[in-house]
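Now for the letters of each chain:
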Amino acid sequence: MKLYYAPLACSLADHIALLEAGIPFARERVDLKTKLTASGQHLADISGKGYVPTLVLDDGQVLTENIAVLDWIAAGHPQLGLDGPLGRTRLIEALTFVSTEIHGAFKPFWHQAGQAEKTRSSNTIARHFSYFAERMQGKYLFGTRPSVVDFYLFVMLLWARRFGVPVPAALDRLCDRIADRPAARLAMAQEGLLEMQRADA
Ligand SMILES: N[C@@H](CCC(=O)N[C@@H](CS)C(=O)NCC(=O)O)C(=O)O
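The rules behind each value
Residues numbered from 1 in each chain as written. Predicted model: local features only at pLDDT ≥ 70, side-chain atom pairs only at ≥ 80, totals over all residues. Heavy atoms only, no water. Salt bridge = Lys/Arg side-chain N within 4 Å of Asp/Glu carboxyl O. Helix = DSSP H or I, 4+ residues; strand = E, 2+ residues; numbered from the N terminus. Expected span 1.5 Å × (residues − 1). Buried < 20%, exposed > 50% of the residue type's maximum accessible area, 1.4 Å probe, protein only. Near = heavy atom within 4 Å. Polar contact = N/O pair within 3.5 Å; in protein donor to acceptor, adjacent residues only side chain to side chain. Areas by Shrake-Rupley, 256 points an atom, 1.4 Å probe, with all protein chains shown as cover. 1 Å grid on protein atoms, 1.4 Å probe; cavity = no way out; pocket = protein on both sides within 12 Å on 5 of 7 lines; lining within 4 Å. Sits in = over half its atoms within 2 Å of the grid points. Points joined across faces, edges and corners; volume = space filled by probe spheres on them. Nonpolar A, V, L, I, M, F, W, Y, C, P; charged D, E, K, R; others polar. Phe/Tyr/Trp six-rings, centres within 6.5 Å; stacked < 30°, edge-to-face > 60°.

**Student:** Looking at this model, I keep getting lost on the pattern of salt bridges. Mind explaining?
**Tutor:** Where charged atoms of side chains with opposite charge meet at close range, the side chains can pair. Summed over all chains, the structure comprises 9 salt bridges. In this structure, Lys49 and Glu65 form a salt bridge, with 2.9 Å as the shortest nitrogen-oxygen distance. Residue Lys49 is found in the loop between α2 (43–47) and β4 (54–56), and its partner Glu65 is found in the loop between β5 (62–64) and α3 (66–76); the two are separated by 16 residues along the sequence. Here the salt bridges do not stand alone but share partners, grouping Arg161, Asp172 and Asp176 into one network.

**Student:** Which parts of the structure should I look at to understand helix α4 (residues 87–103)?
**Tutor:** It helps to recall that an α-helix has 3.6 residues per turn; residues three or four apart then point in one direction. Helix length check: α4 (17 residues) gives 22 Å between terminal C-alpha atoms against 24 Å at 1.5 Å per residue, within 8%. Among the residues making up α4, those that are buried are Gly87, Leu91, Ala94, Leu95, Phe97, Val98, Ser99 and Ile102.

**Student:** Just to check I follow, could you spell out the site of the ligand for this structure?
**Tutor:** Ala9, Cys10, Leu32, Lys35, Tyr51, Val52, Pro53, Glu65, Asn66, His103 and Trp159 make up every residue found near the ligand. Val52 is positioned such that a nitrogen or oxygen atom in its backbone is 2.8 Å from a nitrogen atom of the ligand. A distance of 2.5 Å separates a nitrogen atom of the ligand from a polar atom in the side chain of Glu65. A total of 510 Å² of accessible area belongs to the ligand in isolation, and the protein chains cover 72% of it. Here the ligand is seated within the largest pocket.

**Student:** Looking at this model, I keep getting lost on the environment of Ile67. Mind explaining?
**Tutor:** Checked against the element boundaries, Ile67 lands in helix α3. For the pair Ile67 and Glu195, spaced 128 residues apart in the sequence, the C-alpha separation amounts to 28 Å.

**Student:** Can you help me understand the layout of surface pockets in this one?
**Tutor:** Think of a ball as big as a water molecule: rolled over the atoms, this probe shows where empty space is left. Quantified by volume, the largest pocket comes out at close to 1,000 Å³. The wall of the largest pocket is formed by 29 residues, among which Ala9, Leu32, Trp110, His111 and Trp159 lie closest to the centre. Secondary-structure elements contributing two or more residues to the lining of the largest pocket are β2 (26–31), α3, α4, α5 (107–110) and α7 (148–163). When the residues that make up the lining of the largest pocket are grouped by side-chain class, the tally is 16 nonpolar, 6 polar and 7 charged.

**Student:** Honestly, the packing of aromatic side chains in this entry has me stumped. Any pointers?
**Tutor:** The geometry of two aromatic rings is summed up by the distance between their centres and the angle between their planes. Applying the stated criterion to the full structure yields 9 aromatic pairs. Seen from their ring centres, Trp110 and Trp159 are 5.1 Å apart, and the 80° between their planes marks the pair as edge-to-face. Of this pair, Trp110 sits in helix α5 while Trp159 is found in helix α7, placing the two residues 49 residues apart along the sequence. The buried category is assigned to Trp159, whose relative accessible area is 3%. Measuring from ring centre to ring centre gives 4.9 Å for Trp110 and Phe163, while their planes differ by 90°; the resulting arrangement is edge-to-face. A residue pair is termed long-range when its members are at least 10 positions apart, and Trp110 in helix α5 and Phe163 in helix α7 qualify at 53 residues. When its relative accessible area of 24% is taken as the criterion, Phe163 is described as partly exposed. An aromatic cluster of at least three residues, connected via ring pairs, comprises Phe106, Phe109, Trp110, Trp159 and Phe163.

Below is the structure:
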């Protein structure tokens, strides 16, 4: 299995989830400007889409879209999913909220938009963060252990810190808690993010 990723991109959530699940996988970095992989392939030739995450399974099938990839990991490793009769549905509900409402709202920050647009997005993201902060069910979003939703939200919280988007205290603590997990530390080290954070400090 191989994960195509870019440092600090949303694929970091999948990177962490694969490590947490203990799934053996290879990883290959993608330059999102050129869309070339480290070995010189065009990402679009692999996925037909040209963005990360792209996960190539052992049988050659290609999975894309964070919601689908994270749901697939949780389906095989229920310790990263949600319990109960509505567990899978609640997981997809929360992943979709992160993807479509929070991830999507960061676009102006990545695409050099004007300040007015960034301020509007920052307010939207802060409102969505509050939704999660007010409903935390334990140390993690849904209780005492993290789910794949926590890992996706973690990446959004790192982006918020980078771009100065306000983060509620409960989610700040969640971000630190996930960053301290061995899987997150390893994923961040493998993506070169620890050096990046030190340089930013
Ligand atoms: N619909 C995709 C979007 C993924 C996405 O936005 N990936 C970004 C990195 S966070 C990317 O690869 N951007 C490069 C591009 O779209 O050209 C998903 O939800 O997985």
